[in-house]
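Per-entry structural report
What follows is the residue order along each chain.
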Amino acid sequence: MSDRDDIVELDDLDRSIVYRLQHDARNTSASTIAEEMDVAASTVRNRINRLEDAGVINGYYLDVDYERTGFQLHTLIVCNAEIPDRERLARQALEIEGVVAVREVMTGSENVHVEVVGRDGDDLSRIGQELDALGLEVVDEDIIRNEYVHAYEGFSPES
């Protein structure tokens, strides 16, 4: 964020909502959070809507086991992009078939990480060529074996 005005102050209820949804959004209802926090479920639903509108909660993502669906090559492609072009190129990379996530990294080099899935080497070659055509320099490719995600403890009601 470039401006302190963009910061959204979170109270205990907001932090609890974010923590619980981050931990297990699929199995967490507004009613469950409301019971834990001793507030009405409608209050929790209103807070979730406010957090979404404010851009604190940007979405709910499905965790897919690509290998079980026949996409054997879940790969991280590390790229270089010129700093002035980095954000534009990262957003454009999302349009390539097989790209599932793009992360901008705050470094001078190896500053765009592109997560891709493919059935075979031909898929990866095509994706690499399309990234190159955009203007991203492919530096490295690493097959992702597993990914582990955990809720940020700073939002925990106990912290």
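These numbers come from a predicted model, not from an experiment. (Residues numbered from 1 in each chain as written. Predicted model: local features only at pLDDT ≥ 70, side-chain atom pairs only at ≥ 80, totals over all residues. Heavy atoms only, no water.)

Looking at the overall build of the chain
In plain terms, the rule: Each helix is a run of DSSP H or I of at least 4 residues and each strand a run of E of at least 2, with the numbering of both proceeding from the N terminus. As defined in this context, the radius of gyration uses C-alpha atoms, and a globule is described by 2.2 Å times the residue total to the power 0.38. Under the scheme applied here, a residue whose accessible area is under 20% of the maximum for its type counts as buried, over 50% as exposed, and between as partly exposed, the area being computed with a 1.4 Å probe on protein chains only. Contacts are assigned to residue pairs that have any heavy atoms within 4.5 Å of one another. Surface accessibility in these figures is a Shrake-Rupley result with a 1.4 Å probe; residues are shielded only by whichever protein chains are displayed. Here Asp and Glu are counted as negative and Lys and Arg as positive; His is not counted, and neither are the chain ends. Here the site of a charge means atom NZ of a Lys, CZ of an Arg, CG of an Asp or CD of a Glu.
Tallying secondary structure elements over the chain gives 5 helices and 4 strands in all. Reading the secondary structure of the chain in the N-to-C direction produces α-α-α-β-α-β-β-α-β. Scaling as 2.2 N^0.38, a compact globule of 159 residues should have a C-alpha radius of gyration of about 15 Å, whereas the chain reaches 19 Å, well beyond that. Along the three orthogonal principal directions, the C-alpha set of the chain runs to about 55 × 40 × 25 Å. The buried share among the 159 residues of the chain stands at 31%. Across the chain, the fraction of contacts at a sequence separation of at least 24, relative to all contacts at a separation of at least 6, is 68%. With the model as given, the accessible surface of the chain reaches about 10700 Å², and the carbon-plus-sulfur share is 45%. Computing the positive centroid from 15 side-chain charges and the negative centroid from 36, the chain places the two 5 Å apart.

A word on helix α1 (residues 12–24)
The condition is simple: In a helix, the anticipated span is given by 1.5 Å times the number of residues less one. As used in this structure description, the phrase polar contact means that two N or O atoms lie within 3.5 Å; if the pair is within protein, one of them must be able to donate a hydrogen and the other to accept it, and residues adjacent in sequence are counted only when both atoms belong to side chains.
With 13 residues, α1 should reach 18 Å at 1.5 Å per residue; the first-to-last C-alpha distance of 18 Å fits that figure. All of the buried residues along α1 are Leu 13, Asp 14, Ser 16, Ile 17, Val 18, Tyr 19, Arg 20 and Leu 21. Next to the buried residues of α1 lie α2 (30–37) and α3 (41–53). Residue Asp 11 occupies the N-cap position of α1, its side-chain oxygen lying 3.1 Å from the main-chain nitrogen of Leu 13.

Remarks on the layout of surface pockets
Over the atoms rolls a probe the size of a water molecule, and its path tells where empty space is left. Just so we agree on the cut-off: Buried and open spaces are told apart on a 1 Å grid over the protein atoms alone, a cavity being a set of points where a 1.4 Å probe fits but cannot get out and a pocket being an open set with protein on both sides within 12 Å along at least five of seven lines. Residues with an atom within 4 Å of a point are the lining residues. Grid points are joined across faces, edges and corners, and a volume is the space filled by probe spheres set on the points. Think of it as three bins: nonpolar holds Ala, Val, Leu, Ile, Met, Phe, Trp, Tyr, Cys and Pro, charged holds Asp, Glu, Lys and Arg, and polar takes everything else, Gly as well.
Roughly 1700 Å³ of internal volume is contained in the largest pocket. Taken together, 43 residues make up the lining of the largest pocket; nearest its centre are Tyr 61, Leu 62, Asp 63, Glu 147 and Val 149. Where the lining of the largest pocket is concerned, the elements lending two or more residues are α1, α4 (86–93) and β2 (99–104). Its residues assigned to classes, the lining of the largest pocket comprises 23 nonpolar, 8 polar and 12 charged.

Overview of the confidence of the model for the chain
In plain terms, the rule: Every residue gets a pLDDT, meaning the predictor's confidence in that residue, from 0 to 100.
When pLDDT is averaged across the chain, the result is 91; 96% of the residues are at 70 or more. Within the chain, α1 has the poorest average pLDDT of any element, 92, and α4 the best, 97.

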